[in-house]
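Letter by letter, the chains look like this.
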Amino acid sequence: MLKPTIMKFGGTSVEDADAFRNVARIVMAAARSQPVVVVSAIGGFTNALLLSVEKAIDGDARNATKSLDSYFERHITIAKELLGNGSRAAVESDVSEAKREIRQLHKIVAAHPVTSPPLQDEIVAYGELLSSRLLAAVLREEGLAGRYVDARRCIKTDENYGCATPLAETLAATQSELAQIIERNEVPILGGFIGSTGAGATTTLGRGGSDYSAAIVGAALGAREIQIWTDVSGVLTADPRVVAEAQTIPVLSYQEAAELAYFGAKVLHPKTIQPAIDESIPVRVCNSRSPHERGTLIVAESEAAPQTVKAIAHKGGITTVQVTSARMLGAYGFLRGLFEVFDRHRTAVDVVTTSEVSVSLSLDNVNALPEIISDLQELGTVEVERRRTIVSVIGEGLRNTPGIAARVFSAIGDINVSMISVGASSVNLTFMVDEAHTGEVITRLHRACFGGEASAKLVETQVNEEVLA
Ligand code: ADP
Ligand code: ASP
Ligand code: MG
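Residues numbered from 1 in each chain as written. Chains lettered and ligands numbered in written order. Predicted model: local features only at pLDDT ≥ 70, side-chain atom pairs only at ≥ 80, totals over all residues. Heavy atoms only, no water.

(A) Quick look at the overall build of the protein. Counting secondary structure elements, the protein contains 15 helices and 16 strands. Its C-alpha radius of gyration of 23 Å places the protein within 12% of the 23 Å reference for a compact globule of 469 residues. The C-alpha extent of the protein, read off along each of the three principal axes, is 75 × 55 × 40 Å. For the protein, the proportion of its 469 residues judged to be buried stands at 52%. Taken as two groups, the 44 positive and 56 negative side-chain charges of the protein have centres that lie 5 Å from each other. (Helix = DSSP H or I, 4+ residues; strand = E, 2+ residues; numbered from the N terminus. Rg over C-alpha atoms; globule rule 2.2 N^0.38 Å. Buried < 20%, exposed > 50% of the residue type's maximum accessible area, 1.4 Å probe, protein only. Lys, Arg positive; Asp, Glu negative; His and termini not counted. Charge placed at Lys NZ, Arg CZ, Asp CG, Glu CD.)

The structure is reproduced here in structure tokens:
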């Protein structure tokens with residue numbers, strides 16, 4: 001029975017020729033465990049592609065394409081450094097063709113900005129299309145039987161451009177595209193993040209979605225392990241950009257990892273864990289710059305934790321909405337009416353807390369906020385607070401260890417917190433603070449839960465965590 005290992009390399013693991021060389025070394029070392037490689041766009045390219053679409057929407061198609069030149073150049077430099085003449089010419093021609101096609105798409109977007117969501121996905125997908133072709137060529141150059149596969153033939157999605165949902169037919173499509181390649185002992189290499197609709201239009205799975213692609217492919221193939229290779233040594237006890245002394249967590253349960261990803265740990269896309277749970281596949285997060293470290297293993301049951309708290313996650317740029325109405329008292333139907341407002345405006349709510357006469361909700365997508373507020377005002381008084389951060393303290397130990405809330409809140413006793421809640425799975429304690437206090441709160445909590453000095457790297461609080469580095 002075929003049991004491949006999925007190896008996903010993020011943008012920071014494929015930023016230049018050295019990084020590609022390193023990825024090739026890691027895949028070669030795993031050659032005997034039937035690797036299937038999933039790769040992101042080269043570092044920074046997805047951001048640049050998205051910005052180029054904005055330029056085109058503003059009518060400047062010429063500059064839109066020009067703004068991508070240094071990225072096209074980077075692919076060519078990598079090819080020059082790592083490939084022989086024949087395969088280098090093939091990559092060069094891939095790059096010039098991509099450039100030509102992107103140029104046409106920019107022109108269409110500039111002329112008809114209204115049609116941009118499908119075209120945006122079409123343009124952004126070139127990031128993963130080019131990196132995967134290039135990596136396939138590099139692996140072949142190293143002597144591995146690498147085979148490029150267009151991920152759009154595997155991941156079949158709905159038409160929700162920019163954040164598409166994979167459909168059931170993905171299973172059969174992925175198996176039929178990849179199984180024979182693996183059986184022939186070849187190594188499929190596909191781009192993450194991208195898919196296509198039944199009609200063949202290109203879609204993307206949401207920022208950071210290559211992790212999700214890897215998990216979907218892993219579940220479809222019944223993989224032995226899904227490996228997420230990134231630029232840090234696994235899942236850490238806090239965001240290392242905020243807490244310098246954050247440490248690798250050796251083992252996490254699926255539930256813990258899912259909560260961490262959902263509440264802001266960028267190292268894993270929030271949807272990555274579900275396909276792994278469905279097929280009971282272990283997920284391992286490893287450092288491509290330090291491949292011999294064990295990283296973090298994510299499995300159904302985590303080991304008994306030495307500390308009851310495993311990690312602290314946070315997500316900035318949150319808006320909270322509070323609706324207060326005496327009509328809530330003893331009445332039914334009020335909450336239904338309230339949630340219908342969010343339903344109508346297709347806006348997801350993350351955390352909800354209630355009292356007798358008020359409901360508070362947190363949102364990170366505020367595109368429809370003015371309309372939402374106006375509808376909510378028919379139900380009660382509405383107060384909005386912006387620039388909030390969700391802080392989440394996570395660990396299986398929270399389920400039945402008394403005193404954790406006291407430890408957490410006494411560490412930040414002088415800072416205002418709101419919307420305190422315990423997750424349904426009881427593995428997280430979540431609350432909101434003002435975004436300006438993020439660094440302080442996370443650093444103090446980390447010290448209270450894991451010890452160590454508080455050498456806070458008080459990073460500038462990020463208003464929008466969506467803008468991935
Ligand atoms: P990739 O390009 O490999 O997908 P990402 O930038 O998406 O990498 O994710 C890795 C980054 O996630 C790390 O460099 C780190 O800054 C950030 N991060 C945030 N929270 C955590 C955490 N708890 N553990 C590890 N990394 C984290
Ligand atoms: N390249 C995509 C992004 O930057 C997907 C990914 O890297 O996971 O969002
Ligand atoms: Mg990522």
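(B) The arrangement of the site of ligand 1 in detail. Close to ligand 1 lie 18 residues; Lys-8, Thr-230, Asp-231, Leu-236 and Lys-266 are nearest. Within the contact set of ligand 1, an oxygen atom lies 3.1 Å away from a backbone nitrogen or oxygen of Gly-11. In isolation ligand 1 exposes 570 Å². Once the protein is present, 90% of that is buried. Counted by class, the shell around ligand 1 contains eight nonpolar, five polar and five charged residues. (Near = heavy atom within 4 Å. Polar contact = N/O pair within 3.5 Å; in protein donor to acceptor, adjacent residues only side chain to side chain. Areas by Shrake-Rupley, 256 points an atom, 1.4 Å probe, with all protein chains shown as cover. Nonpolar A, V, L, I, M, F, W, Y, C, P; charged D, E, K, R; others polar.)

(C) View of helix H9 (residues 210–221). Taking 1.5 Å as the rise per residue, H9 with twelve residues should run 16 Å; its terminal C-alpha atoms sit 17 Å apart, in good agreement. Residues of H9 that are buried include every one of Ser-210, Asp-211, Tyr-212, Ser-213, Ala-214, Ala-215, Ile-216, Val-217, Gly-218, Ala-219, Ala-220 and Leu-221, and no others. (Expected span 1.5 Å × (residues − 1).)

(D) Quick look at the packing of aromatic side chains. Per the counting criterion, the structure on display carries five aromatic pairs. When the centroid spacing of 5.2 Å and the interplanar angle of 10° are considered together, the rings of Phe-45 and Tyr-71 count as stacked. Of this pair, Phe-45 sits in helix H2 (residues 45–57) while Tyr-71 sits in helix H4 (residues 69–82), and the two are 26 residues apart along the sequence. For the residue pair Phe-45 and Tyr-71, the accessibility class agrees, reading buried in each case. (Phe/Tyr/Trp six-rings, centres within 6.5 Å; stacked < 30°, edge-to-face > 60°.)

(E) View of the environment of Gly-397. Inspection of the secondary structure assignment puts Gly-397 in the loop between strand S14 (381–394) and helix H14 (404–411). Separated by 325 residues in the primary sequence, Gly-397 and Phe-72 have C-alpha atoms spaced 49 Å apart.

(F) Just the sheet that holds strand S3 (residues 146–149), in detail. Taking strand neighbours across the sheet as the criterion, the eight strands line up as S3-S4-S2-S1-S7-S9-S10-S8 in an open arrangement whose pairing is mixed. Both outer strands of the open sheet, S3 and strand S8 (251–253), are each paired with one neighbouring strand and no more. This sheet shows a mean twist of 20° between the axes of neighbouring strands, independent of strand direction. Both strand S1 (residues 5–9) and strand S2 (residues 35–39) contribute to a ladder of five bridges, which runs parallel. Looking across to S2, one finds that Phe-9 is bridged to Val-39. Packed on one face of the sheet, helix H1 (residues 17–29) meets S1, S2 and strand S7 (225–230) and runs near 170° to S1. (Pairing = 2+ DSSP bridges. Axes fitted to C-alpha atoms, helices over the stretch in contact; angles between N-to-C directions. Contact = heavy atoms within 4.5 Å.)

(G) Inspection of the sheet that holds strand S15 (residues 418–422) at higher detail. Strand order in the open sheet made by the six strands is S12-S13-S11-S14-S16-S15, with antiparallel pairing throughout. Of all strands in the sheet, those bounded by a partner on one side alone are strand S12 (352–354) and S15. Taking each pair of neighbouring strands and ignoring which way they run, the sheet shows an average axis angle of 25°. Across the sheet, helix H13 (residues 369–376) touches strand S11 (311–324), strand S13 (358–363) and S14, and the angle it forms with S14 is around 115°. Those strands touched by H14 are S14, S15 and strand S16 (428–434), and its axis lies near 15° from that of S16.

(H) Fine view of the pattern of salt bridges. The final tally for this structure, using the stated rule, is 21 salt bridges. In this structure, Arg-241 and Asp-239 form a salt bridge, with 2.9 Å as the shortest nitrogen-oxygen distance. On the basis of relative accessibility, which here comes to 32%, the residue Arg-241 falls in the partly exposed class. A relative accessible area of 14% places Asp-239 in the buried class. Glu-435 is paired through a salt bridge with Arg-387; the nearest N and O atoms lie 3.6 Å apart. Of this pair, Glu-435 sits in the loop between S16 and helix H15 (438–450) while Arg-387 is found in strand S14, placing the two residues 48 residues apart along the sequence. The exposure class assigned to Glu-435 is buried, which follows from its relative accessible area of 1%. (Salt bridge = Lys/Arg side-chain N within 4 Å of Asp/Glu carboxyl O.)

(I) Looking closely at the site of ligand 2. Near ligand 2 you find nine residues, and of these Thr-46, Glu-128, Arg-207, Gly-208 and Ser-210 are the closest. Measuring from an oxygen atom of ligand 2, one finds a backbone N or O atom of Gly-208 at 2.8 Å. At 3.4 Å, a backbone N or O of Gly-209 approaches an oxygen atom of ligand 2. When ligand 2 is considered free in solution it has 260 Å² of accessible area, and contact with the protein chains removes 88% of it. Here the residues of the shell around ligand 2 are counted per class, giving two nonpolar, five polar and two charged.

(J) The arrangement of a nonpolar patch on the surface in detail. Taken together, the side chains of Leu-335, Phe-339 and Val-352 make up a nonpolar region of the molecular surface, amounting to roughly 210 Å² of accessible area. Tracing the backbone shows Phe-339 in helix H12 (residues 334–344). With a relative accessible area of 33%, Phe-339 lands in the partly exposed category. (Patch = residues over 30% accessible without salt bridge, like charges linked within 9 Å, V, L, I, M, F, W, Y side chains within 5 Å.)

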